[in-house]
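# Residue-level structure breakdown
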Amino acid sequence: MDEPTLRRKLRAIEALHDGATTEGERRAAAEARARLVRRLVRVSGARRLHVHACFRAAAAMGEASPPVLDDSPGAELPTVAELLAVLAAWRLELRSAREVERWASRLCDRLLLPSVDVHDPRAARVEVLLQLAAMRRQPLWPADIDEIERFLRAEPGEAAWRVWFTWLAGIDWEARRQACRQAR
């Protein structure tokens, strides 16, 4: 299958995921999406993910050091799709946690982040961007990506924030920081 066909299928699977009504349907769609993304990476030689402009040239994926996330053109709050693309690249180990944290930090430095109500659709994007930028102090791990994606896709409002803050409160940040220090 060629890259445009795979991308069309990926959009269809993402629509299925967004319209899923049960956890099983969402999980099946997420697994199908992961398989399709891996195939897309193999077919195209690199997965070009749109994050403000895009990741650097796809050909750079074959180089010894992976391309960095490009945040240079017109800094603005990333869309949900752009944040999901960054998370997918991290999940697939196309980007390291450090690269994601640096990208988010640089972007936060350049943005005037809006102060928004919990019902505002931008609120979750602001929160996730800030969490990604703070990974040095509050380390997030690839195992956390599912929860982050769930929050980004949740209906804006108090219920989503309650679940999000409950999840964050359940993390032993000190243990994570210690694990990161030992890993260095």
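Residues numbered from 1 in each chain as written. Predicted model: local features only at pLDDT ≥ 70, side-chain atom pairs only at ≥ 80, totals over all residues. Heavy atoms only, no water.

The next point concerns the overall build of the chain. If you tally the helices and strands in the chain, you get 8 helices and 0 strands. Taken from the N to the C terminus, the helices and strands of the chain come in the order α-α-α-α-α-α-α-α. Counting all 184 residues of the chain, 42% fall into the buried class. Nonlocal contacts in the chain, meaning residues at least 24 apart in sequence, comprise 68% of its contacts between residues at least 6 apart. Accessible area of the chain: about 10300 Å², with a carbon and sulfur share of 53%. (Helix = DSSP H or I, 4+ residues; strand = E, 2+ residues; numbered from the N terminus. Buried < 20%, exposed > 50% of the residue type's maximum accessible area, 1.4 Å probe, protein only. Contact = heavy atoms within 4.5 Å. Areas by Shrake-Rupley, 256 points an atom, 1.4 Å probe, with all protein chains shown as cover.)

Remark: helix H5 (residues 123-133) packs on helix H6 (residues 145-153), axes separated minimally by 8 Å, with the N-to-C direction vectors making an angle of 155°. Accordingly, the angle class assigned to the pair H5 and H6 is roughly antiparallel. Together, Ala124, Arg125, Glu127 and Val128 of H5 and Ile148, Phe151 and Leu152 of H6 make up the contact between the two elements. Among the residues forming the contact of H5 with H6, the class breakdown is 5 nonpolar, no polar and 2 charged. (Axes fitted to C-alpha atoms, helices over the stretch in contact; angles between N-to-C directions. Parallel < 35°, antiparallel > 145°, perpendicular 65-115°, else oblique. Nonpolar A, V, L, I, M, F, W, Y, C, P; charged D, E, K, R; others polar.)

This part takes up the packing of aromatic side chains. Remark: the centre distance and the inter-plane angle together describe each pair of aromatic rings, the angle taken between the planes. The final tally for this structure, using the stated rule, is 4 aromatic pairs. With centroids separated by 4.3 Å and ring planes inclined at 15°, the aromatic side chains of Phe151 and Trp164 adopt a geometry described as stacked. Residue Phe151 is located in helix H6, and its partner Trp164 is located in helix H7 (residues 158-169); the two are separated by 13 residues in the primary sequence. Of the residues examined, Phe151 reaches a relative accessible area of 5% and is grouped as buried. The class of Trp164 is buried, set by a relative accessible area of 1%. Considering the side-chain rings of Trp161 and Phe165, the 5.4 Å spacing of their centres and the 40° angle between planes classify their relative orientation as tilted. Taken together, the positions of Trp161 and Phe165, both in helix H7 and 4 residues apart, correspond to about one turn of that helix. Residue class for Trp161 comes out buried when judged on its relative accessible area of 11%. Through successive ring pairs, a cluster of aromatic residues spans Phe151, Trp161, Trp164, Phe165 and Trp167. (Phe/Tyr/Trp six-rings, centres within 6.5 Å; stacked < 30°, edge-to-face > 60°.)

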